[in-house]
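Single-letter residue listing:
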Amino acid sequence: MNDDSISGKPEEVVKGAFQLSEKFWNWMTDVDMWMGVATAAIRILAIFLLTRLIIRVVYKMIDQFLQRQEKSRISVNPRRFTTVGELLKNVTAFVCNFIMIMIILSEFNFKLGPLLASAGVLGLAVGFGAQSLVKDVITGFFIILEDQFAVGDVIKSGEFRGTVEIIGLRTTRIRGLNGETYIIPNGLITSVTNYSVSNSLALVDLPVKNEKRVNETMALIGRALEGIAQRRPELTQDPEVLGIQSLTTSEYVVRIAAECHPNAREVAEREILKDIKQALEAEELRQSSNG
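The model shown is predicted, which means the values in this text are computed figures rather than measured ones. (Residues numbered from 1 in each chain as written. Predicted model: local features only at pLDDT ≥ 70, side-chain atom pairs only at ≥ 80, totals over all residues. Heavy atoms only, no water.)

1. Some points on a nonpolar patch on the surface
Phase 1 of the analysis: A surface patch of nonpolar side chains, about 550 Å² in accessible area, is lined by Val-91, Phe-94, Val-95, Phe-98, Ile-99 and Ile-103.
Phase 2 of the analysis: Positionally, Val-95 belongs in helix H3 (residues 78–107).
Phase 3 of the analysis: The class of Val-95 is partly exposed, set by a relative accessible area of 40%. (Patch = residues over 30% accessible without salt bridge, like charges linked within 9 Å, V, L, I, M, F, W, Y side chains within 5 Å. Areas by Shrake-Rupley, 256 points an atom, 1.4 Å probe, with all protein chains shown as cover. Salt bridge = Lys/Arg side-chain N within 4 Å of Asp/Glu carboxyl O. Helix = DSSP H or I, 4+ residues; strand = E, 2+ residues; numbered from the N terminus. Buried < 20%, exposed > 50% of the residue type's maximum accessible area, 1.4 Å probe, protein only.)

Structure representation (structure tokens):
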């Protein structure tokens, strides 16, 4: 290796470093490039602020719409309106943010066609793999929107019966009559019996020995249940003695019917039996004292 080649290398290194620094300086002092960056940054900031403004305006419109709907109803379930409102707000935020991201990517000269096509293929694959999840979400949305049942209602769906604790978009949680908790995917709720929508009918069948006179027994029952609706808030009116339901050689059965509030049938029947029993005991005590 000769001395000329050795002495030339430091000069080439210095020359290359000088050229690199010159390119960097030219890039840093490129007014057109920085004007383009500033313009793109301003556009991106404007897009972001406009998206936030649109979301706030739509949120306000949703709140006002739900308030009008709530005031126009006689019986309102506040949880239903809250849940529907939050769902609509989430959908609005998702759509607006997705459009904002697409516009921002276009500012960086991304080709949106292949990107949207890839997202469509991915969404189709996820959709095929999560059909049950999509079904649960759609069913949950219509349960909330149609107000099929609400939190606190007593319902029966299939073999599950109990009080609704939580209504979600994917699952519904029910507390059973014995304290057990059922978590049911909304897609499995195909039919529902709601016991909390209308008043219930309490039916009491009272067996009486044939030795007791029918008219005296029915009159005693009527006196025992007179004014029970004022004493028992579960009942909407005093019970009605319908008459003899069945008859055998040893006894006859008197049926009593009473309209009561939803989910209060068992309590109302127990209270009716209690008042009748107390009246029968008082009558027996009176007869024994007279005898």
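Further notes follow.
2. Quick look at the side chain of Glu-271
Phase 1 of the analysis: Positionally, Glu-271 belongs in helix H8 (residues 265–290).
Phase 2 of the analysis: Leave out the neighbours within four places in its chain, and Glu-271 touches Ile-228 and Arg-232. (Contact = heavy atoms within 4.5 Å.)

3. Considering the packing of aromatic side chains
Phase 1 of the analysis: With the rule as written, the count across this model stands at 2 aromatic pairs.
Phase 2 of the analysis: Aromatic pair Phe-94 and Phe-98: ring centres 6.5 Å apart, planes at 20°, arrangement stacked. Here Phe-94 pairs with Phe-98, and both are found in helix H3, just 4 residues apart, close to one helical turn.
Phase 3 of the analysis: Using a relative accessible area of 62% as the deciding quantity, one classes Phe-94 as exposed.
Phase 4 of the analysis: Among the residues examined, Phe-98 registers a relative accessible area of 40% and is labelled partly exposed. (Phe/Tyr/Trp six-rings, centres within 6.5 Å; stacked < 30°, edge-to-face > 60°.)

4. Observations concerning unusual backbone geometry
Phase 1 of the analysis: For Asn-263, which is not glycine, the phi dihedral falls at a positive 65°.
Phase 2 of the analysis: Looking at where Asn-263 falls in the secondary structure, it is placed in the loop between strand E8 (251–260) and H8.
Phase 3 of the analysis: We classify Asn-263 as partly exposed; its relative accessible area is 34%.

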